[in-house]
Structure formats: structure tokens, C-alpha cells
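Structural description and commentary
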Amino acid sequence: MAPKTQKRKSPTGGRKKQKHGKKPQTLPDHEEEMPVSMESLGHPEIYPLVLTTKTQEIFNCRIDEDITDKLPYKLIKKEDIIEDLLNRAAVSDFHPVKKIVQEYPGDELLLVYDKDFKFGLNFYLIGTEEGKENYLNPPEVPEEQEEYKEYIPEDIYIYKPPVPKPWISLGSEKEIEEESVKESAKQITYRISRKRSEFGSPIKFSDQNASSVKDGYIECTTYPDKNFIIKQLEKDVGMQVVPQMKDTSTQTKCVEIALQQNEITNAFIDDWKYLAEEEGTFGDKTDTHLKEYQSFTDLHNLMEKTITCVAWHPTIYGLIAVSVAVRLCFEDRVHFSGKLLLQPSLILFWSFSDPIHPQLMLESPDDIFCFKFCPTDPNIIAGGCINGQIVLWDIAAHADRIENVKAGGSRSKKITLKPMFLLEPDSNKETMYIRHCAVSSIENGHRKVITDIHWLSDTFEINRMGSVFENRSGKCCQLVTCSADCTICFWDIRPQKALTPQPTERKKEEMIEIPFDVPSTFLHLDLSWKPLTKIRLSKGETSLDHCPVKISLNEEHLLYKTQAQRKAENTGEMDPYQNLEAGLANPLKPIDDFCTKFFVGTEEGEVIYADWKMERDHETGRLMTKKPVNLYTVHDGSVHTIQRSPFYNDIVLTIGGWNVAIWKEGIMTGPLLQSCCAPKRYTSGHWSLTRPGVFYVGREDGYIDIWDLLEKTHEPAHSQNICVTMITYIIPWTFSSKQQFLAIADYYGTLHILEIPWTLSHPSSNEVASISHYFEREVKHLGYVEQRRKIREQEKKEMELEMEKKKIKTYQKTKEQMEAELRMDYESYLEMEKSILISLGLIKVTENVSYLDML
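Let us now look at the state of the cysteines. If you walk through the whole model with that rule in mind, you get 0 disulfides. Left unpaired, Cys-374 is separated from the closest cysteine sulfur, that of Cys-476, by 4.8 Å. Left unpaired, Cys-482 is separated from the closest cysteine sulfur, that of Cys-370, by 7.3 Å. On the basis of relative accessibility, which here comes to 0%, the residue Cys-482 falls in the buried class.

Written as C-alpha cells, this is what we have:
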């Protein structure tokens, strides 16, 4: 968080009004800082400055050249300083005293060289005419005072009486009041009287034995009283530490061996504990079965619907949200469009404490196919519709309703469920319907179904060019979506500054009446929300674009804050999203070393590594999307899952078609792991949250494949049937250190909650290092394969060149040369035939007779 700067006000306590007339020269619109004054040292007119060598050359105030010990000051014109502030703005060394320069009444300001750094810096500026005159023309000191000063040694301290100041309370009186002793017990009052006749009579005192007189004394023995017990909080004890010395000698060999063993091996380690962990993790193969824990089905909806997206509530344990859509194809949707308008499109909130009645129902203009909770405020939810619109909800007003139904009361306790017959009497329980706060503009958004949506991290934000800047608000204010219309859009939920005023639209907005049950958090976005920037992934020379289905950003692992942390941060603020500042209104600090590349899975089964940062076309000057860095065609179907590992941010899992692939960011040669074709098409998948080598994959036949890279890397380690229809979504959730759940949604609209066994939820002591070593080994293998491929390509090119050279030589030979070569080949053949016949004894060797003559 940037440090706050103090604003300097005018002496009247407010802003100065601008009079009519000549327009004054204005400086750049930067935030003015309060210059540091020496008022605490008795010099309120002095303002220390640091002048660099460049500034000294501009104003001719170079040390030891223009300014010396004899002449340690320089008069600078006010116009020159203002001109420097206009040219260099915040870079100017006079920027801290900009306000002082503007309000200075004179034409020249006095700049003094502070050689001894009396005021902390190498120069200081005198900000008043009176101070300048006192410096240039110091008041004359009387001669008597000067003579007296000569006789006063410098080492003698001159006493200055303290000046009384008004009392300023800093809370010390409260501390004194708390530390003071107060009487808590009631005082006892004694009344002593005597006869009036005895008034004034003389009194005589004498000694007597108290034990000899009855009731002569009263013994007050001590007894414990709980009301007057004082606990000792502090005790002062003095001790003298004396080193303890002991001189022993032994010649026992066994003791020496035992000491050496203690130094080599830790005798206090619990070997049984580690053996039990290894046995439970790798030895017990029967403990890999997912156990059915609970299921949710909307029994009140008569339409046949399927579950499109599932998300666990980030801070409320035992609460899960699902989005449902009608099970119709495109033609049927067009045919039954009239009936579909009468049916609500909902996101249902289910609780483990009530498996029959949804706790909340979020209404939307059309079926939702993806949604996400806001990481910085889970009461804010963003979803993508089938018609291309983005919907925003704010459930802060209903937070108490869903917090009171969380199961178990504490995260450490096991969830307890009520029997079904106990829930039947509440069948008439009223379900809360919540209307959306805002929807995006239909004309300027996506044209087709939104397939994926993500919140950008609260640490950065982007502009229309795709450049990355720091996020000073500390809230997630931007979204990224991808759609089947071949576009990826970035959205900002903050109000944008309009370039031209639109009074007509503003009047229409004022006339719209807001329903009482709809919060006005995002009223400024309703039906006018436009994307901040829109990118397309071109296929190259053709005019077609890639169709993105899923995306994975570099910073998608966002830590959701707990309910207590969120309440502590928002203390004194009713809703952190009520008063949002305009996006990128103030100049922000850019982040140069930020990775703007991301993974995209397409409908054609391609995995693209692209960059969202825009670039200008050299010919037209328009902003264009950069070409994809890499493109791989690995999957034989639409890529419906692309997710980074929770343990390695550069490891990405992609699932599509009939196979699975694992990638490493920065490796351009291909995937680290690519599975063979499965018996059935894959439909969804997710990494394990606690084991780095485990991930779950759902199939269209209702089975789930569990991959364990420590056990097998070429096929799933275990398969289990969950339902009779296609699995549409998978997402795990950690309830406690001893209990984890896996939410599986199917095509018929049932949400299955399964308990993950110990083997699949608890990693071994070195599993992270083992899986990391496996990925590094695969990277080396890919490098070796790529190197061998390049060598084979080079050899192939050399062989082709050699063949070309031989062909060229053959074509260049004359007819006589070719006949001579053929004659030589024929003669060599005859000689070989003669030697064979002689060896077989079929002919005899004759002198001076050739075999050709014999023939």
C-alpha cells in the first residue's frame, strides 16, 4: 500500500477561488505533497531540498563554482522554477516545494547552500520575503551584546526557561487512572459516645494485664477470604549463576560406542509412524474407493435440467453452489423458446444440513454455463450465460441466512446429517430467490455461450492495451471470459470515465426504479457494461479464428480469505464494492516483469499458448492481437479442462476428447505426458488438492478415472462407476485435515458428494519431490528426443543432397564414358564368372587365352 501524503491547504482552510481575468499558468495535474518545513527547529520559512548535478547546471548553482563559501546563496527567478516544473513535472527537484513556489509573493526566491547539512540536505529554500531579507540583511547586533558574546564560552550551557503550552491529551490520563489504587471494600464506621456529665473530666491512663481482665482483648486470627485474595503477578528474585563443574574419567568402551551411535542416529525418531504412513499410502491398495456421502437433486423443478458448473463456497464449509441448464439441443431451444422464457434460470445453493431444500436461488436472464465466486469478497458472484451476457450478484444481504446453516459449526468437527424423515415436515420451507444486480450489454459483449470465466488477481490489473499495472485497491475488479464466438474479453466492474457527456442516457437511468430487494452495488453496469478489451486468436493466413473453450491464467491460484479476515479488513466499511473508483483513473505503476501469456483450449482439440498483450499493426496502426506463441494438436475432441497444478504453477493439465495431457510452461516441444485413447470420451477433470501426483477424470459412461503418477503413468490407477449417465463437472474440497470430499455432477442434474479415502488424500513425505523429479526427467527426455529429431533431419538433408549430387554427375557424363563404364562392369562380371567355373572344375586354365576368347 502506497504511503499517504499530506495535502497543504491555503491559509483560509480551503481552496482558493479563481478570479475572472487572465488564466494563470497551470502545472501538471499531480497530487501535491506537503513540503517538509523546519518549524520544529524554529525556522518555519526554511524548506530543505536535494538538488542533483543536472538541476545545479540548469539554474547555475553548481557547488564550488557558482556557489562558494564566501557566496553560499543564489537568487532564482520564480518563472524559471515554474518552467522547470512544467517541463520535468514530478522529476523536478523543486516538486516537493511546488505549492510554496506558486504562493510565493515575490519574483525571486533565495536558494542557500547547506554545506554542513544543518537542515539535513545539501540546499534549502527560503519561502518567505521576510526570511529572505533577514538572511541577506541580518539585523545589527549591539556592540555590548557582541562583547558579551565574546566572553561566553561555547561549552557553557545557556538555560532557557520552558514555555508553557496547552495540554494535549494523548491517553496518558486513562493509563494513570487504570494504574491508580482505588478502594473497593466498603469502609467501616465506628461511633463512640460518652455521658454529657463526663465531658471535660480529667483522663487517667494506667497499665494493666489484658489477660487478667475479662474481654480485655480480642484475638483476630487470619483466615482465607476469596474476595481479598491478591494474585502475585510479578516477583523480584535475585540469583547468582555459578558454573557447575564435574571432573570424571572412565575407560568403559561400551559407553563410548553408545555416544557415537547417538551422534550418528537419532534415537528419538518414531520409526513406526513413518512405516505406517508408507504402508497406508502405497501398500493398502483396497483403500482407493470413493464412498458416496450425500447427493442433491432439485425435486421442485419439473423441467429436465443438467448441471453445468459447480463451486464450493470459499469461506462457509458445507455449502456448495451449482448452475443448471435445460437439457435441449440448439434446435429444440429455438422451438421451445417461448416456454423457456417462463422457466427461471437458477444457481442453487445446497447445504449439507438440508439435502432437500436449496438455501438460495440466484436468478439470471438465461441459463448459466459457468460462474465464479469473487476471491476478495465471496458475496460477489459472476456468471456467464448461454446468450453471451455476464451476470453479477451480490448476496451480502443474505449472508446471515447461509452462515447459520453451515454444518458442524466448526471446521474440525465432522459433518452430521439429519435423517430424511426428520426433514419431511419442513417441506413447505420458503426458498429465497435473489435477483441479479447487473448484466452486460448484449450488443457489445459475446455473441454466443460463455464457456469459461475467471477473476483476475487482486495484485494487478490491465488496461485496454493489455499492459499490466499494480492494483492499489486490493480488490478483484476485473474478469476474463471466453466464448464460442471466438473471442476472449477482459471486463472491469468499476465505473469507467465517459469521453463525452450523455445527458439523455443519464435521464433514462434516473427514471428507472430499482426494486427494493436488489442491491445497488453494480447499478452503473446494468445493461451498459462493455468489455475493457477483446482479443481474437487468429489461425494465421486465413480469416478464421480459433474457438476458445477453456483458459488458464498464470495467476489463477487465488487464496480465498476467511470470513474473519474479510471482516477484519472491512471494519468500518459496510460494503467494499459499494464505492468503487473508476478503473485506471489515476496513473498506476506498471509491472514490467509480469508474464502475460496464458493457455487456451479450443473446440478443435488444440492447446494454444498465447499472449493477451496487444500490438499495433505497422501498416494500419490498429491494435492487433499477437500471434499464438505455440499451437499443439494433441486432443481429438473439444478441450473442456485446462488447469494448473496446485503444487507447481508451471504444470498444466489438459483434458479433451479421449486422452489426457500434462504440459510444462516454457517447454515448446510438446506435452510431458500424453495418454492413449480411453474406452470412452472424457468429459471433465480436476487436480487433487493435497496430492501432487493425483488427478480425477470423468467419462461419458458415468465412470471416473483416478490417475496416480507415483503408481502408473501410462494408464489410470483406478476406475469407479459413479452414475449411469455422463459426468459433467468434478471439483474436490478439503473439509478438514482428515476429511476431503469430491463433488461430481451428472447430466441428469444430480450432484454426488463422495468422500475421498485416506490413500488419495494424504501424500507421502517425499511425494512433492518425487513428482517434481518425474517432471524434470520427462523434460530431459523431450530435450533428448528433440535433439535426435534434429540430428535425423540433418542426416536426411545430407542424404538428399548427396543423391542430388549423384544425379547431377550422372547427367553430366558423356556417351563414351557411360559405354566405357558399362564395358568395365561387364568385364569384371566375366572375370568373376571364370573364377567360379575354374573353382568348380568345369573349365581348365589355359595360358594366354582369355575367357572371352573361349566363349
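With that settled, the discussion passes to unusual backbone geometry. The backbone of Asp-64 shows a phi angle near 70 degrees, a positive value even though the residue is not glycine. Looking at where Asp-64 falls in the secondary structure, it is placed in the loop between α1 (53-58) and β2 (73-77). Judged by its relative accessible area of 62%, Asp-64 falls in the exposed class.

Keep in mind that low pLDDT regions are not for reading the predicted coordinates in detail. Of all residues in the protein, 79% have pLDDT values of 70 or greater, and the mean over the chain is 79. Note that pLDDT drops below 50 for residues 1-33; the model gives that stretch 37 contacts with residues more than four away or on any other chain. Contacts from residues 406-428, a stretch scored under 50 in pLDDT, to residues over four places away or in other chains number 34 contacts.

Time to look at the pairing of strand β36 (residues 739-746). By the criterion of burial, β36 is predominantly enclosed, with 8 of the 8 residues buried. Alignment of strand β35 (residues 727-736) against β36, held across 8 bridges, turns out to be antiparallel. Across the sheet, Ile-730 pairs through a bridge with Ile-744, a residue of β36. Hairpin connection of β35 to β36: 2 residues between the antiparallel strands. Alignment of β36 against strand β37 (residues 751-755), held across 5 bridges, turns out to be antiparallel. Bridge pairing in β37 places Ile-744 opposite His-752.

Moving on: the pattern of salt bridges. Close approach of charged atoms allows side chains with opposite charge to pair. Applying the stated rule across the entire model yields 24 salt bridges. A salt bridge links Arg-62 to Glu-65, with the nearest nitrogen and oxygen atoms 3.3 Å apart. On the basis of relative accessible area, Arg-62 is assigned to the partly exposed category, the value being 33%. We note a salt bridge from Arg-536 to Asp-545, for which the minimum N-O separation is 3.4 Å. Given the relative accessible area of 41%, Arg-536 is considered partly exposed. Each of Arg-62, Glu-65 and Asp-66 takes part in one network of salt bridges that share partners.

Topologically, Glu-461 is positioned in strand β16 (residues 460-462). With relative accessibility at 3%, the residue Glu-461 sits in the buried group.

Summed over all chains, the structure comprises 30 aromatic pairs. Where Phe-296 meets Phe-352, the ring centres are 6.2 Å apart and the plane angle is 10 degrees; that geometry is what we call stacked. In this pair, Phe-296 is assigned in strand β5 (residues 291-296) and Phe-352 in the loop between β8 (345-351) and β9 (360-364), connecting sequence segments 56 residues apart. A centroid spacing of 4.8 Å and a plane angle of 45 degrees characterise the contact between Phe-599 and Tyr-609, whose relative ring orientation is tilted. Residue Phe-599 is located in strand β22 (residues 597-602), and its partner Tyr-609 is located in strand β23 (residues 606-611); the two are separated by 10 residues in the primary sequence. By relative accessible area, which is 5% here, Phe-599 ends up buried. On the basis of relative accessibility, which here comes to 7%, the residue Tyr-609 falls in the buried class. By the ring-pair criterion, three or more aromatic residues cluster together here, those being Tyr-293, Phe-296, Trp-312, Tyr-317, Trp-350, Phe-352, Trp-733, Phe-735 and Phe-741.

With that settled, consider a nonpolar patch on the surface. A grouping of Tyr-826, Tyr-829, Met-832, Ile-836, Leu-840 and Leu-842 is seen on the molecular surface, where their side chains present a nonpolar patch of about 660 Å² in accessible area. If you trace the backbone, Met-832 turns up in helix α17 (residues 815-840). With relative accessibility at 45%, the residue Met-832 sits in the partly exposed group.

Let us look at the sheet that holds strand β21 (residues 548-552). Strand order in the open sheet made by the 4 strands is β21-β22-β23-β26, with antiparallel pairing throughout. Among the strands making up the open sheet, the edge pair consists of β21 and β26 (630-633). Direction aside, neighbouring strands of the sheet carry axes that sit 20 degrees apart on average. Strand direction decides the pairing type here: β22 and β23, joined by 5 bridges, are antiparallel. Among the inter-strand pairings, Lys-597 is bridged to a residue of β23, identified as Asp-611.

With that settled, consider the environment of Leu-125. Mapped onto the elements, Leu-125 comes out in strand β4 (residues 123-126). Among the residues examined, Leu-125 registers a relative accessible area of 1% and is labelled buried. For Leu-125 and Leu-49, which are 76 residues apart along the polypeptide, the C-alpha to C-alpha distance reads 7.0 Å.

A few words now on the sheet that holds strand β15 (residues 450-455). Taken in spatial order, the 4 strands make up an open sheet running β15-β18-β19-β20, and their pairing is antiparallel. Strands with a single pairing partner mark the edges of an open sheet, and in this sheet they are β15 and β20 (533-535). In this sheet, neighbouring strand axes are inclined to one another by 20 degrees on average, regardless of whether the strands run parallel or antiparallel. As defined by bridge partners, β15 adjoins strand β18 (residues 478-483) across 5 bridges and the pair is classed as antiparallel. Looking at the pairing, Asp-452 lines up with Cys-482 of β18.

Judged by nonpolar contacts, the single largest core of 21 residues is most densely connected at Val-310, Trp-312, Ile-320, Phe-741, Ala-743, Leu-751 and Ile-753. For this core, the secondary structure elements donating two or more residues are β5, β6 (305-312), β7 (319-326), β8, β35, β36 and β37. Apart from residues lying up to four places away in sequence, Trp-312 is in contact with Leu-319, Ile-320, Phe-352, Phe-373, Ile-731, Pro-732, Trp-733, Phe-741, Ala-743 and Ile-753.

The complete set of buried residues in helix α2 (residues 78-88) reads Lys-78, Ile-81, Ile-82, Asp-84 and Leu-85. Each buried residue of α2 lies within a common arc of 155 degrees when the element is viewed along its axis, so the set occupies one face. Relative to its buried face, α2 has exposed residues pointing more than 90 degrees away, namely Glu-79 and Asn-87. Against the buried residues of α2 lie α1, β2, α3 (98-103) and β3 (108-113). Two residues or fewer past α2, Ala-89 is found with a positive phi of approximately 55 degrees.

Glancing now at a negative patch on the surface. A contiguous patch of negative charge, built from Glu-79, Asp-80, Glu-83, Asp-107 and Glu-108, is present on the exposed surface. Ranked by residue count, the leading element in the negative patch is α2, at 3 residues. Counting through the fold element by element, Glu-79 comes out in helix α2. What makes Glu-79 exposed here is its relative accessible area of 64%.

Over its 26 residues, α17 extends 38 Å from the first C-alpha to the last, a length consistent with the 38 Å expected when each residue adds 1.5 Å. Turning to α17, its buried residues are Leu-830, Lys-834 and Leu-837. Backbone geometry just downstream of α17 places Gly-841 in the positive-phi region, at approximately 80 degrees.

The next subject is the pairing of strand β12 (residues 390-394). The buried fraction of β12 is high, at 5 of 5 residues. Side chains Ile-390, Leu-392 and Asp-394 project from β12 onto one buried face, and the interleaved Val-391 and Trp-393 project onto a second face that is buried too. For strand β11 (residues 380-385) and β12, the ladder comprises 5 bridges, and the chain directions are antiparallel. Following the sheet pairing, Gly-383 is matched in β12 by Val-391. Here β11 folds back onto β12, and the loop between the two strands holds 4 residues, one of which, Gly-388, carries a positive phi near 95 degrees. Sheet analysis places β12 next to strand β14 (residues 438-439), joined by 2 bridges and oriented antiparallel. Bridge pairing links Leu-392 to Ala-438 in β14.

Criteria and thresholds
Residues numbered from 1 in each chain as written. Predicted model: local features only at pLDDT ≥ 70, side-chain atom pairs only at ≥ 80, totals over all residues. Heavy atoms only, no water. Disulfide = S-S within 2.5 Å. Buried < 20%, exposed > 50% of the residue type's maximum accessible area, 1.4 Å probe, protein only. Helix = DSSP H or I, 4+ residues; strand = E, 2+ residues; numbered from the N terminus. pLDDT = per-residue confidence, 0-100. Contact = heavy atoms within 4.5 Å. Pairing = 2+ DSSP bridges. Salt bridge = Lys/Arg side-chain N within 4 Å of Asp/Glu carboxyl O. Phe/Tyr/Trp six-rings, centres within 6.5 Å; stacked < 30°, edge-to-face > 60°. Patch = residues over 30% accessible without salt bridge, like charges linked within 9 Å, V, L, I, M, F, W, Y side chains within 5 Å. Areas by Shrake-Rupley, 256 points an atom, 1.4 Å probe, with all protein chains shown as cover. Axes fitted to C-alpha atoms, helices over the stretch in contact; angles between N-to-C directions. Core = buried A, V, L, I, M, F, W, Y, C linked by side-chain atoms within 4.5 Å. Arc of directions from axis to C-beta. Lys, Arg positive; Asp, Glu negative; His and termini not counted. Charge placed at Lys NZ, Arg CZ, Asp CG, Glu CD. Expected span 1.5 Å × (residues − 1).

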